[in-house]
Amino acid sequence: MAQDPDPQTVRELQDLLASARTEGQAAAGARQELADSFSGPLQFGTAGLRAALGPGPNRMNRVVVRRAAAGLARFLVAKVGTSSRPRAVVGYDARRNSEVFAQETAAIFTAAGIETFLLPSALPTPVLAYAVRALDCDGGVMVTASHNPPQDNGYKVYLGGRATDDAGRGAQIVSPSDAQIAAEIAAFDGIEGIALAEGGWTVLPPTGEPGSIEDAYVDAVTALADPRLFPSRRLKIVLTPLHGVGGRTALSVLQRAGFADVTLVEPQAEPDPAFPTVAFPNPEEAGALDLALELAERIGADIVLANDPDADRAAVAVRRPAGGKWEMLRGDEVGALLGAHLAARVAAHAARTSVNDGGARAHEGASPAPGAGSAVFANSIVSSRLLGKIAEWHGIAHRQTLTGFKWISRVPGLSYGYEEALGYCVAPDLVKDKDGISAALLIAELAADLLAKGRTLQDELDELQLAHGIHATDQLAVRVGSLDLLDAMMQRLRENPPASFGGSPVESSLDLAHGSAELPPTEGLQYLTRDGSRVIIRPSGTEPKLKCYLEVIQPVDGADELPSKYAAARERLDQVLEDINDALGL
C-alpha cells in the first residue's frame, strides 16, 4: 500500500483486508481474492496485459502499469539505440482508469527520453494502430480490454519504425519481443525508481482541428470505398458501438462514404464503462445485439452493424429469409463475404488497369499490373477453410496462420485477413491489425450493391456455398476457474484422443504444440475426420477458457438442396458438439 499512488486501490485493499479478518462467506471470498491478487506478477505476453482492475501485482492498477511502461520504455530505447530518439504513441478507450494509465505511460515514456504522442481522447484501437505507422513511431500502446467484462482493463503493445522488422511494423508484438519486454518490466521491483515527466509529450489535435489523427484515419478509411465499381449507397443501417468508443468514428466513415441512412442505437451510442444495457460487451455474446435488432425490426432496416467497445471487431446482422428473423452472421460468414467482395474488387481493378494500359505493358515486357496474382488472403487456422477455396477460385494466394492478428498481419504481401472471432483486416497498408470500422464500411458497400441488384447478403452466402460446399462452423467455449484446469483438460485429450467426431473416424490428428513447417508451436490439438470435418481445441490466450472450433463441410448439388443441406450440416455440428463434450468429460 505504501507504493500505490492510487487512493482507490488502497481503499479497496484495506476493505479486503478488513473483510478477510472476519468470519463467514464474505471473509472466505475476501481471502480468496487477496490470494489471487497477490499470487504473483501479472504476466506480460504477446497480448500485453489484461486483467481485472484492483489492488495487487496480479491486477491492473497504476503500479502494474507504471512498471509495464518503464519496462517498455527501456526496451524501445535499447532497440532504437542512443544515436536517435525513439518515438511512441499512446491511446486509450473509455474504460475505468484507461485515461490515467495512458497519461502515466506518456509521462514515463517522456522521462525516458522518448518522443511521445498522446491521443486527444478515448478513441478506437484501429486509430492507435493507424497512428503507429502514420506518425512513424517505434512503439505504440493502447490501453483497452476490448470486449472483456466491465471490471477489466488491459495494455496492448505495438511495434513500428526502428524497433521491428518490416513484417511487424505497426503490428502487435510476437516472440521474442514479449519476453524481452517482460524481462525489462521484471527488472523493476517497485515503482520508486520510475520517473514521470510533468510534461513534454504532445497531445495530438482533436477531430476538426488541423493535424487530427482521427480525421486522417477517417479520410483514409473512407477512401477504401469504391463508388466507381459499387456506386449504390441505398442502404438503411442500424449501428451500435455497444457503449464503446467507436460510434462517432464509425458514423463519420459511413456518412463520409455516402451512407446517409444510418441510425444509432441511442442507449448504446455514448461511451460508458459500465456497459449498462448488456451482460457482456461482446457482440458474440447472446443478447448483446438485442437492442440493435429490435430497432432494426422497428424501422425496417436492411442491415445491423456493430462494433465491440474498442471497435477493432465488427458484427453483422441480417434478416434471414427462412422465418424472417433477424440474426447475427457468424464471423466465418462475414469473413467469406468480405473475401469474395475483395476478390471481386481485385479482379475489377486489375481489369480496369489492363484496359487503361491498352495492353502496352505486356508488349513492353513490363511486369503485369497488380491483380489476383499479387494478392494474398489469410486467416487463422481456427477459421473456416472456405476463404482458401474462394481465394483459389480467384487465383489468389492463401495462407493460414496461428490465432491472432499479430500473426495474420505478418503474412507477406497480405491483402486481406480475418479470424472467426469477428476480426477483419481489409486494409493492411492502413491498419496492420483487425479493424471493425473499415470492415463495416466494406460490408455496407457490398450489401448496398447487392440490394441494388435485388439480392441480399444471404443470397451471396448461398452462392458461395453452392460453389464450394456448405462450410458450417460452430464453437464451444468452456470457462474454468483455474488455468490449471485448462492444462488438465488438454492433457486428458492427449492421453485419451477421440476416435471419431459426428460418427466419422478421425483420420489425422496434429498436436500444434510441436509446430510445423508452416506454423510455429502453439498450445492446441487439431483433428480431421474422414468426412472432412475438423475440430480444433485450444486454450484462450486472453481468458480462462478452453475453446473448441468445429467445421463440417456438406456437399450441395443445386440451389433446391440448400435448405435440407443446411439442416444436415447443423445436425452434424450438433453431433460433433456432443462428442467434444464427451471427450472433455463435461
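Everything discussed here concerns the structure shown above.
Note on numbering: residues in each chain are counted from 1, in written sequence order. This being a predicted model, a pLDDT of at least 70 is required before a residue's local features are given, and a value of 80 or more before pairs of side-chain atoms are given or counted; all residues contribute to the totals for chains, interfaces and linings. Side-chain measures were taken over the full set of non-hydrogen atoms in the model, leaving aside hydrogen atoms and water.

Novice: Before we move on, could you go through the packing of aromatic side chains and cite the residues and values that matter?
Specialist: Between 30 and 60 degrees the pair is tilted, below 30 it is stacked and above 60 it is edge-to-face, where a pair is any two Phe, Tyr or Trp rings, Trp via its six-membered ring, whose centres lie within 6.5 Å. Applying the stated criterion across every chain yields a total of 5 aromatic pairs. A centroid spacing of 5.4 Å and a plane angle of 80° characterise the contact between Phe377 and Tyr416, whose relative ring orientation is edge-to-face. Of the two residues, Phe377 is situated in strand β13 (residues 376-380) and Tyr416 in strand β15 (residues 416-419); the sequence distance between them amounts to 39 residues. In this scheme, a residue with accessible area under 20% of its type's maximum is buried, one over 50% is exposed, and one in between is partly exposed, where area comes from a 1.4 Å probe on protein chains only. On the accessibility criterion, Phe377 (0% relative accessible area) is buried. Seen in terms of ring centroids, Phe501 and Tyr527 are 5.6 Å apart; in terms of plane orientation they differ by 55°. Their pairing is tilted. Helix numbers and strand numbers start at the N terminus; a helix is a DSSP run of H or I with at least 4 residues, a strand a run of E with at least 2.

Novice: For the pattern of salt bridges, give the residues involved together with the corresponding values.
Specialist: Note that side chains of opposite charge can pair when their charged atoms are close. Criterion for a salt bridge: a side-chain nitrogen of Lys or Arg within 4 Å of a carboxyl oxygen of Asp or Glu. Counted by the stated rule, this structure contains 31 salt bridges. Here Asp312 and Lys156 are joined by a salt bridge, their closest N and O atoms 3.5 Å apart. Of this pair, Asp312 sits in the loop between β10 (303-307) and β11 (314-319) while Lys156 sits in strand β5 (residues 152-159); the two residues are 156 residues apart in sequence, bridging distant segments of the chain. This pair shows no difference in class: Asp312 is buried, exactly as Lys156 is. Residues Arg570 and Asp474 are paired through a salt bridge, measuring 2.8 Å at the closest nitrogen-oxygen approach. Here Arg570 is found in helix α17 (residues 562-584), whereas its partner Asp474 is found in strand β17 (residues 470-479), with 96 residues between them in sequence. Assessed through its relative accessible area of 34%, Arg570 is described here as partly exposed. The exposure class of Asp474 is buried, given its relative accessible area of 13%. Several salt bridges converge on common partners, so that one network encompasses Arg330, Asp474, Arg570 and Asp574.

Novice: Quick rundown of the sheet that holds strand β14 (residues 397-401)? Include the residues and the values.
Specialist: Within the open sheet, the 4 strands sit side by side as β14-β13-β15-β16. Their pairing is mixed. Of all strands in the sheet, those with a lone pairing partner are β14 and β16 (423-425), marking the two edges. Strand after strand, the sheet turns through a mean of 15° between neighbouring axes, direction not considered. A pair of strands is treated as paired once DSSP finds two or more bridges between them. By the bridge criterion, 3 bridges tie β13 to β15 in an arrangement that is parallel. By the bridge assignment for β15, Asn379 is matched with Tyr418. Between the N-to-C directions of two axes lies an angle of 0 to 180 degrees, each axis being a line fitted to C-alpha atoms and, for a helix, fitted only over the stretch in contact.

Novice: Help me get a handle on the environment of Leu387, residues and values and all.
Specialist: Along the polypeptide, Leu387 turns up in helix α12 (residues 386-393). A residue is classified by how much of its surface remains accessible, and Leu387, at 1% relative accessible area, is buried. Counting along the chain gives 191 residues from Leu387 to Glu578, while the straight-line C-alpha distance between them is 27 Å. Pairs of residues are marked as contacts when any of their non-hydrogen atoms sit within 4.5 Å. Residues contacting Leu387, with those up to four places away along its chain left out, are Gly335, Gly339, Phe377, Ala378, Asn379, His398, Tyr416 and Tyr418.

Novice: Before we move on, could you go through the nonpolar core and cite the residues and values that matter?
Specialist: To form a nonpolar core, buried Ala, Val, Leu, Ile, Met, Phe, Trp, Tyr and Cys residues must be joined to one another through side-chain atoms within 4.5 Å. Ranked by internal contacts, the top residues of the largest apolar core, which has 88 residues, are Val89, Phe259, Ile303, Leu305, Leu441 and Leu457. The contact partners of Leu457, leaving out residues within four places of it in the chain, are Ile303, Val316, Val318, Leu329, Leu337, Leu446, Ala447 and Leu450. Judged by nonpolar contacts, the second largest core, of 37 residues, contains Ala73, Leu76, Ala102 and Tyr155.

Novice: For helix α16 (residues 483-495), give the residues involved together with the corresponding values.
Specialist: By this rule the span expected of a helix is its residue count minus one, scaled by 1.5 Å. Along its 13 residues, α16 runs 19 Å from first to last C-alpha, staying within 8% of the 18 Å computed at 1.5 Å per residue. The set of residues buried in α16 consists of Leu486, Met489, Met490 and Leu493. Take α16 and look down its axis: the buried residues cluster within an arc of 95°, on one side only. The exposed set on the far side of α16, more than 90 degrees from its buried face, consists of Asp484 and Glu495. Read the arc as the range of directions from the helix axis to the C-beta atoms.

Novice: Tell me about unusual backbone geometry, and please be specific about residues and values.
Specialist: Between Ser175 and the following residue, Pro176, the backbone shows a cis peptide bond with an omega angle of 5°. Tracing the backbone shows Pro176 in the loop between β6 (171-172) and α6 (177-186). Phi at Ser146 is positive, roughly 55°, even though this residue is not glycine. Summarising the element assignment, Ser146 is placed in the loop between β4 (139-143) and β5.

Novice: Tell me about the sheet that holds strand β21 (residues 534-539), and name the residues and values.
Specialist: Spatially, β17-β22-β21-β20-β19-β18 is the arrangement adopted by the 6 strands of the open sheet, whose pairing is antiparallel. The open sheet has two edge strands with one neighbour each: β17 and β18 (500-501). As paired strands, strand β19 (residues 504-511) and strand β20 (residues 525-529) are joined by 5 bridges and run antiparallel to one another. What sits directly across from Val506, in β20, is Thr529. The strands touched by α17 are β17, β18, β21 and β22 (545-554); relative to β22, the strand with the most contacts, the crossing angle is about 145°.

The quantities given are spatial measurements derived from coordinates; they are silent on function.
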